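Chain by chain, the residues run as shown.
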Amino acid sequence: MNILEATENLNKRGFMDVAVSPTLDLFAEIEKLKKEKNAIILAHYYQEADIQDVADYIGDSLGLAQQAAQTGADMIVFAGVHFMAETAKILNPQKKVVLPDLNAGCSLADSAPTDAFKKFKEKHPDHIVISYINCTAEIKALSDIICTSSNAENIVNSIPLNQPIIFAPDKNLGAFINKQTGRNMLLWNGSCMVHEIFSLEKILKLKTTYPDAKILAHPECEEIILKEADFIGSTTQILNFAKTDTATQFIVATEAGILHQMEKDSPNKKFIPAPPNNACACNDCPYMKLNTLEKLYLCMKYEQPEILMEEKLRLAARKPIVRMLEISKATGLIK
């Protein structure tokens, strides 16, 4: 497909469908494009290893939001999913934000349709809304404060005890935070397909093979998994725990992309992906893995697909994100 056809078919395909020579050194070309376009690549820990290796910054949702707010680059190349690129655009209206594949969505974000959530919110007018960052710009615009798995507990604890809270869209993270804080937040019934299909039975069988292994779990997992975990935290918190803990074997209950950084940080330790309740050996997010090194190169070269947003929506969605960053700074989570 030529460039004109690829551009015309962009919305249909979701990415620049242009042939790339198999002899092209994509790593070198991407580095060249970074310099030529004053571009920065922000990547989530769940991206494939090659993308993580070319990224300027790798992080979880809180770190990525912070980097997006601070960058001096002219173009932000977001190697993650759609809501993450949206967040970068919300914080950087004057910068070009591109995403390798527009189809890189999020099952958790999809679980909170705007109209249904708006009606839910209207039924509870005395509640403030704390929304997990894994949601669309429209849901952010309906929220009072955004949170991530790294700062959710701090955010909730910053709210007076007598103030009712709606927590959306992740019911598992919300239930975990309720337990940690002693709150009784009203939870939206949403979840992440990746973190909901871990098999407790298979994890316990792994424990018989690796009896000394510690189980590390993301709070988006179901409670039956969290009850077995030795440590529960965000992707960054899980990474830091594995790096500093004396254990040498870990069963990791989150998206398997994180193992690449874990193995780089601690090459002498063993990391085993927690298995899901299907035939797969590990648990990959199909949306995260839509981004490839080739698509990343093409989106940098042609500066497409670009994330665009109406200014009214952007401003409404920006307020709760800024509030999150303010609280995170005040509580010492970020500098």
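Let me sum up the structure you'll find in this document. (Residues numbered from 1 in each chain as written. Predicted model: local features only at pLDDT ≥ 70, side-chain atom pairs only at ≥ 80, totals over all residues. Heavy atoms only, no water.)

1. Quick look at the sheet that holds strand 2 (residues 57-59)
Backbone-to-backbone hydrogen bonds join strands into a sheet, with any given pair of strands oriented parallel or antiparallel. Strand order in this open sheet of four strands is 2-1-3-4, and the pairing throughout is parallel. With partners counted over all chains shown, the strands left at the sheet margins are strand 2 and strand 4 (96-98), one partner each. Each strand of the sheet is rotated relative to its neighbour by a mean of 20°, with strand direction disregarded. Bridge analysis of strand 3 (residues 75-79) against strand 4 gives three bridges, and the strand direction is parallel. Paired with V77 across the strands is V98, a residue of strand 4. On top of the sheet, helix 5 (residues 61-70) reaches strand 1 (39-44), strand 2 and strand 3; it is set at about 165° to strand 1, its chief contact. (Pairing = 2+ DSSP bridges. Helix = DSSP H or I, 4+ residues; strand = E, 2+ residues; numbered from the N terminus. Axes fitted to C-alpha atoms, helices over the stretch in contact; angles between N-to-C directions. Contact = heavy atoms within 4.5 Å.)

2. Looking at the pattern of salt bridges
Under the defined criterion, the tally for this structure stands at 15 salt bridges. Two residues, K205 and E201, come together in a salt bridge whose shortest N-O distance is 3.8 Å. Residue K205 and its partner E201 are located together in helix 13 (residues 200-209), separated by four residues, close to a single helical turn. Classification of E201 by relative accessible area gives exposed; the value is 55%. The shortest N-O distance in the salt bridge between D265 and K243 comes to 4.0 Å. One end of the pair, D265, is in helix 16 (residues 259-265); the other, K243, is in helix 15 (residues 235-244), with 22 residues separating them in the sequence. On the accessibility criterion, D265 (35% relative accessible area) is partly exposed. When its relative accessible area of 43% is taken as the criterion, K243 is described as partly exposed. One salt-bridge network, in which partners are shared between bridges, spans E31, K34 and D56. (Salt bridge = Lys/Arg side-chain N within 4 Å of Asp/Glu carboxyl O. Buried < 20%, exposed > 50% of the residue type's maximum accessible area, 1.4 Å probe, protein only.)

3. Re the sheet that holds strand 5 (residues 128-132)
Strand order in the open sheet formed by four strands is 6-5-7-8, and the pairing between neighbours is parallel. The strands lining the two open edges of the sheet, one partner per strand, are strand 6 (145-147) and strand 8 (186-187).

4. As for the side chain of S150
You can see S150 is positioned in the loop between strand 6 and helix 10 (152-157). By relative accessible area, S150 is classed as buried at 13%. At 2.9 Å, the side chain of S150 and the side chain of S234 are in polar contact. In contact with S150, other than residues within four places in its own chain, are D60, L62, S234, Q237 and L333. (Polar contact = N/O pair within 3.5 Å; in protein donor to acceptor, adjacent residues only side chain to side chain.)

5. With respect to helix 3 (residues 26-37)
Here helix 3 is twelve residues long and its end C-alpha atoms lie 16 Å apart, about the 16 Å a rise of 1.5 Å per residue gives. Listed as buried for helix 3 are L26, E29, I30, L33 and K34. Buried residues in helix 3, looked at end-on, bunch into an arc of 145°, giving them a common side. For helix 3, the exposed residues lying more than 90 degrees away from the buried face are K35 and E36. On its buried face, helix 3 is in contact with strand 1, helix 4 (49-54) and helix 17 (293-302). Where helix 3 begins, the capping side chain belongs to D25, and its oxygen is found 3.2 Å from the backbone nitrogen of F27. Phi turns positive one or two residues past the end of helix 3, at N38, with a value near 50°. (Expected span 1.5 Å × (residues − 1). Arc of directions from axis to C-beta.)

6. Here's the deal with the packing of aromatic side chains
Inspection of the entire model under this criterion finds five aromatic pairs. Taking the centre distance of 5.4 Å and the plane angle of 75° together, the rings of F117 and W188 count as edge-to-face. Placement of F117 in helix 8 (residues 114-122) and of W188 in the loop between strand 8 and helix 12 (193-196) is noted, with a sequence separation of 71 residues between them. Residue classification places W188 among the buried positions, given a relative accessible area of 12%. Look at F250 and F271: their rings are 5.5 Å apart centre to centre, the planes differ by 15°, and that puts the pair in the stacked class. One end of the pair, F250, is in strand 11 (residues 249-253); the other, F271, is in strand 12 (residues 270-273), and 21 residues separate them in sequence. Since its relative accessible area comes to 0%, F250 is described here as buried. What makes F271 buried here is its relative accessible area of 6%. Put simply, the rings of F117, F120 and W188 pair up and form one aromatic cluster. For the cation-ring pair, K295 lies above F15, with the distance from its terminal atom to the ring centre recorded as 4.4 Å. (Phe/Tyr/Trp six-rings, centres within 6.5 Å; stacked < 30°, edge-to-face > 60°. Lys NZ or Arg CZ within 6 Å of the ring centre and 35° of its normal.)

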